[in-house]
Amino acid sequence: TIFGSLVALLARLFSSGQPGQRSDWQELEGCWVLRPPAGTASAAVVHFLGGAFVGAAPQLSYRLLLEGLAARGVLVVTTPFATSFDQLRTADEVQYKFDRCCKALQAEVGGLPLYGVGHSAGSLLHMLICARYAVQRTGNILMSYNNRPATDAIPFLSPILSPSARAVGPLLEQLATSPLRSGLETVSDALRGVSPSLMRQLMPVFDQLTPIYMDVAQGRQEFSPTPQETAQLLRNYYAVSRNLILKFKDDTIDDSMELTQLLQSSAAISSCLDLSLRTLDGDHVRPMTQVCTDGS
């Protein structure tokens, strides 16, 4: 089930053996901010966007990676977002929050290089943002880029988008209007003992599921824009020349090669493109379990 998969993943992330867990994250203008340790000057700003579902609480689900970046002198701003079929709206909302956050941080971030860093759906959102807005980016780092139909991009959705599931629309509506009681009970059991503050940060991961069920019950099946429309938008308007694309050997839902080919061969940015593609060990969820080391 969707809930079962999310709970199992989050339970692993909160295992006592994990390092990190800095307590000085700051919530600011709808974003979460983590500064370098005291006494370390910020050398750059990273705007981080996580993957589908887990991107609703990136300060928790990617904390190992993000705290590792902060330890290396990066001021991290990560913007939570709810997974949605309407990806343009999501991209617009993310950029709006980030702009407000940067305005509040102007004294700290003014003049620093800014990098977009994304994982999976977060990489796609960064690409959409940079195709829709004249953002000032030193570069983008795109991990596990994914531009696939909804059922491929988010395997959780496959069961509820099948023809048999769509035939039980009334049941889905009932699930959506109840607070998904059975799933939330599972969450509560799995996270028993978590502090109220942590639980408040975690609940957006589960709250986003009700709108997904409602959209499916109303016949929604695909992202907007579609993967083909997204590719055309990037081909015509993506304007960040410096890009590092990271793919993982065992990632079965990765479109990094397709993105690389699009940008190198047929995009408006092709003539001034500075792009590197690297393949690393691991699978799609490696960025969520990654501890930064000197060799990372």
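Read on for a plain summary of the structure.

**Let's talk about the overall build of the protein**
Item 1. A count of helices and strands for the protein gives 16 helices and 8 strands.
Item 2. By residue count, 49% of the 296 residues in the protein fall in the buried class.
Item 3. Taking contacts inside the protein between residues at least 6 apart in sequence as the whole, the part at least 24 apart equals 80%.
Item 4. Working note: accessible area of the protein is about 13400 Å², and carbon and sulfur atoms make up 52% of it.

**Some words on unusual backbone geometry**
Item 1. Even without glycine at this site, glutamate 29 takes up a positive phi of about 55°.
Item 2. Note that glutamate 29 resides in the loop between β1 (26–28) and β2 (31–34).
Item 3. A positive phi is found at serine 144, a non-glycine position, where the angle reads about 50°.
Item 4. Inspection of the secondary structure puts serine 144 in the loop between β6 (139–143) and α7 (150–153).

**A few points about the side chain of aspartate 255**
Item 1. With respect to the helices, strands and loops of the structure, aspartate 255 is situated in the loop between β7 (242–248) and α15 (256–265).
Item 2. By relative accessible area, aspartate 255 is classed as buried at 8%.
Item 3. Here aspartate 255 is in contact with Tyr145, Asn146, Asn147 and Arg148, once residues within four sequence places are set aside.

**Regarding helix α6 (residues 121–132)**
Item 1. Here α6 spans 16 Å end to end across 12 residues, near enough to the 16 Å set by a 1.5 Å rise per residue.
Item 2. Burial within α6 is extensive, with 10 of its 12 residues counted as buried.
Item 3. Restricting attention to buried positions, one finds in α6 the residues Gly122, Ser123, Leu124, Leu125, His126, Met127, Leu128, Ile129, Cys130 and Ala131.
Item 4. Along its buried surface, α6 packs onto β3 (44–49), α4 (87–104), β5 (114–119), β6, α14 (227–237) and α15.

**Focus on the packing of α6 against α14**
Item 1. At a closest axis distance of 9 Å, the pairing of α6 and α14 adopts a crossing angle of 50°. Of the possible angle classes, the one that applies to α6 and α14 is oblique. The element α6 and its partner α14 pack so that their crossing is left-handed. Contacts between α6 and α14 involve Leu124, Met127, Leu128, Cys130 and Ala131 on the former and, on the latter, Thr230, Leu233, Leu234 and Tyr237.
Item 2. Residues of the contact of α6 with α14, tallied by class, amount to 8 nonpolar, 1 polar and no charged.

**Some words on the sheet that holds β7**
Item 1. Taken together, the 8 strands give an open sheet; going across it, the order is β1-β2-β4-β3-β5-β6-β7-β8, and neighbouring strands pair in mixed fashion. Both outer strands of the open sheet, β1 and β8 (274–280), are each paired with one neighbouring strand and no more. Ignoring strand direction, the axes of neighbouring strands in this sheet form an average angle of 20°.
Item 2. Strand direction decides the pairing type here: β2 and strand β4 (residues 74–78), joined by 3 bridges, are antiparallel. Its bridge partner being in β4, tryptophan 32 is matched across the sheet by threonine 78.

**Here we look at the pattern of salt bridges**
Item 1. Going through the model one piece at a time under the given rule, you end up with 7 salt bridges.
Item 2. Of the charged contacts, one joins arginine 132 and aspartate 92 as a salt bridge, the two residues approaching to 2.9 Å between their closest N and O atoms. Taken together, the positions of arginine 132 in helix α6 and aspartate 92 in helix α4 put the pair 40 residues apart, joining distant regions of the chain.
Item 3. Taking relative accessible area as the criterion, aspartate 92 reaches 22% and is therefore assigned partly exposed.
Item 4. Between lysine 249 and aspartate 281 there is a salt bridge, with the nearest N and O atoms lying 3.0 Å from each other. Here aspartate 281 lies in the loop between β8 and α16 (286–289) and lysine 249 lies in the loop between β7 and α15, a separation of 32 residues in the sequence.
Item 5. Owing to a relative accessible area of 56%, lysine 249 belongs among the exposed residues under this scheme.
Item 6. Accessibility expressed as a relative area gives 48% for aspartate 281, which makes it partly exposed.

**Quick notes on the environment of serine 265**
Item 1. One can find serine 265 in helix α15.
Item 2. For serine 265, a relative accessible area of 59% translates into the label exposed.
Item 3. Between the alpha carbons of serine 265 and arginine 235 there is a distance of 9.4 Å; along the sequence they are 30 residues apart.
Item 4. Side-chain polar atoms of serine 265 contact the backbone oxygen of glutamine 261, separated by 2.5 Å.

**A word on α15**
Each α-helix winds once per 3.6 residues, and so residues spaced three or four apart point in a common direction.
Item 1. Among the residues of α15, those classed as buried are Ser256, Leu259, Thr260, Leu262 and Leu263. The buried residues of α15 occupy an angular sector of 165° when the element is viewed end-on, so they sit on one face.
Item 2. Where α15 is buried, its residues touch α6, β6, α14, β7 and β8.

Calculation notes
- Positions within a chain are numbered from 1, following the residues in the order the chain's sequence is written.
- Reporting of local features is limited, given that this is a predicted model, to residues whose pLDDT is at least 70; pairs of side-chain atoms are given and counted only at 80 or more, and all residues count toward the totals for whole chains, interfaces and linings.
- To obtain the side-chain values, all non-hydrogen atoms of the structure were included, while hydrogens and water were left out.
- Secondary structure elements follow DSSP: runs of H or I of four or more residues count as helices, runs of E of two or more count as strands, with numbering from the N terminus.
- Working definition: with a 1.4 Å probe on protein chains only, accessible area under 20% of the residue-type maximum means buried, over 50% means exposed, and in between means partly exposed.
- Contacts were defined at the residue level, with two residues in contact if any of their heavy atoms lie within 4.5 Å.
- Reported accessibility uses the Shrake-Rupley method at a 1.4 Å probe radius. Residues are deemed covered only where the shown protein chains occlude them.
- The span one expects for a helix is its residue count, reduced by one, times 1.5 Å.
- The axes used here are C-alpha line fits, helices contributing only the stretch in contact, and every angle between their N-to-C directions lies in the interval 0 to 180 degrees.
- Here the word oblique covers every angle except those under 35 degrees (roughly parallel), over 145 (roughly antiparallel) and from 65 to 115 (roughly perpendicular).
- By convention the crossing between two helices is left-handed if the near helix lies anticlockwise of the far one by an angle smaller than a right angle, and right-handed if it lies clockwise.
- Residue polarity follows a fixed list, in which Ala, Val, Leu, Ile, Met, Phe, Trp, Tyr, Cys and Pro are nonpolar, Asp, Glu, Lys and Arg are charged, and the others, Gly among them, are polar.
- Only strands that DSSP links by at least two bridges are regarded as paired with each other.
- The salt bridge definition used is simple: a Lys or Arg side-chain nitrogen within 4 Å of an Asp or Glu carboxyl oxygen.
- We define a polar contact as two N or O atoms separated by no more than 3.5 Å, with the added condition that, inside protein, one atom must be a possible hydrogen donor and the other a possible acceptor, whereas residues neighbouring each other in sequence contribute only through side-chain atom pairs.
- Each direction from the helix axis to a C-beta atom contributes to the arc, which is the arc of those directions.

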